[in-house]
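# Structural overview for review
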2 protein chains.
Amino acid sequence: MTATHPVETLIRAADAAITAEDFDRLMDFYAEDATLVVKPGLSVSGKANIRKAFVAIANHFQHRLVVSQGRMELIPGGDTVLVIMESLLSYPESGAATHVTRRATYVFREESPGNWTCVIDNSYGTDLLDQ
Amino acid sequence: MTATHPVETLIRAADAAITAEDFDRLMDFYAEDATLVVKPGLSVSGKANIRKAFVAIANHFQHRLVVSQGRMELIPGGDTVLVIMESLLSYPESGAATHVTRRATYVFREESPGNWTCVIDNSYGTDLLDQ
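Notes on the structure follow. Only a predicted model underlies this, so the values are computations on that prediction, with no experimental measurement involved. (Residues numbered from 1 in each chain as written. Chains lettered and ligands numbered in written order. Predicted model: local features only at pLDDT ≥ 70, side-chain atom pairs only at ≥ 80, totals over all residues. Heavy atoms only, no water.)

### Describing the side chain of Thr105(B)
As a reminder of what qualifies: A run of DSSP states H or I qualifies as a helix once it reaches four residues; a run of E qualifies as a strand once it reaches two. Both are numbered from the N-terminal end. Note on exposure labels: buried denotes an accessible area under 20% of the residue type's maximum, exposed denotes more than 50%, and partly exposed covers the range between, all computed with a 1.4 Å probe on protein chains only. Residue contacts follow a heavy-atom distance rule, with two residues in contact if any of their heavy atoms lie within 4.5 Å.
If you trace the backbone, Thr105(B) turns up in strand β5 (residues 96–112). What makes Thr105(B) buried here is its relative accessible area of 0%. Apart from the residues within four sequence positions on either side, Thr105(B) is in contact with Leu82(A), Ile84(A), Thr105(A), Thr126(A), Leu82(B), Val83(B), Ile84(B), Ile120(B), Asp121(B), Asn122(B) and Gly125(B).

Here it is, written out as structure tokens:
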């Protein structure tokens, strides 16, 4: 058995914060100069802009977005980790519950020993190339 | 028009070095503590191990592997860049020329101003989750 990587724990906590709409807590997971891919063709950088984007996302999903994790692969290299992960989204659409699985890519950086933050949050993974 | 990001130039030069089997030149593109995903389930870290893996890959493809780039998206965050890219491989298989397109994910880090190195080379992208 291998111990859980700290980044895995952070991702589970961050997804729980998105679901709870606890945006102050959520911002703890991001580096000051992080980038979020909001949707294909639109990225924002910096905590203030990322926070605004999550508020807009919560509104878009009528405050009923639930985010959880499927399969996850972590690839460490240098002081970074590339995460390849199934991101499971549930939300209402046209009155019905909708479930979507994305294949996400995240980059975390170890700012100081044991202190990891997300520098790139791209929940669309390689689907960005579909555009 | 936007200027070409230095990481895009590096990727084109690294792929040319793979095609030319110029492994000394190829190692210039990697950080000392970089990780290469050789195939799903097998990763190696450190320049010496990455070099050995590329020598084995060249042998596997009978010294006729040609690597080039299709569509590419760069997502900068902090001192890193996540690259989402079509990696086009051509090689002989059972006597015929074979062409494969992978959707790769690379992470580059800016070691010092203008000096970028690859810390994670995962040419399998989110297909790692297929296992």
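Text resumes after the structure shown.
### Description of the interface of chain B and chain A
Keep this limit in mind: Buried area: the accessible area, evaluated with a 1.4 Å probe, that two parts lose upon being put together, summed over both parts. The salt bridge definition used is simple: a Lys or Arg side-chain nitrogen within 4 Å of an Asp or Glu carboxyl oxygen. Contacts described as polar in this section are N or O atom pairs within 3.5 Å, which, within protein, must combine one atom able to donate a hydrogen with one able to accept it, while residues neighboring in sequence count only if both atoms come from side chains. Polar here means any residue outside two lists: the nonpolar Ala, Val, Leu, Ile, Met, Phe, Trp, Tyr, Cys and Pro, and the charged Asp, Glu, Lys and Arg; Gly therefore counts as polar.
Each partner contributes to the interface: chain B provides 32 residues, whereas chain A provides 32 residues. Roughly 2600 Å² is buried in total at the junction of chain B and chain A, and carbon and sulfur atoms are behind 64% of that figure. A per-residue breakdown of the area chain B buries against chain A is headed by Arg103(B), Thr126(B) and Leu129(B), which together make up 27% of the total. The interface formed by chain B and chain A holds five salt bridges in total. Among the salt bridges present, the one from Asp79(A) reaches Arg109(B), with a minimum N-O distance of 2.7 Å. For the pair chain B and chain A, the interface holds 13 residue pairs in polar contact (both at pLDDT 80 or more). Those elements that provide at least two residues to the side of chain B that touches chain A are β1 (30–39), β3 (66–77), β4 (80–93), β5 and β6 (115–122) of chain B. When the residues that make up the side of chain B that touches chain A are grouped by side-chain class, the tally is 14 nonpolar, nine polar and nine charged.

### Re unusual backbone geometry
Residue and element names in this part refer to chain A. Residue glutamine 62 is not a glycine yet carries a positive backbone phi of 55°. Structurally, the position occupied by glutamine 62 is in the loop between α3 (47–60) and β3 (66–77). In this structure glutamine 62 comes out as partly exposed when scored by relative accessible area, which is 49%.

### Topic: the relation of the copies chain B and chain A
Under the convention used in this document: Only residues with pLDDT of at least 70 in both copies count here: their C-alpha atoms drive the least-squares fit that superposes the copies.
With an RMSD of 0.0 Å, the operation that places chain B on chain A is a rotation of 180° combined with a shift of 0.0 Å along the axis. These values place the two chain copies in the arrangement generated by a two-fold rotation axis. Residue Thr126(B), judged by its C-alpha, is the member of chain B lying nearest the rotation axis, at 3.4 Å. A shared binding surface is used by both copies, with 100% of the interface residues of chain B retained as interface residues in chain A.

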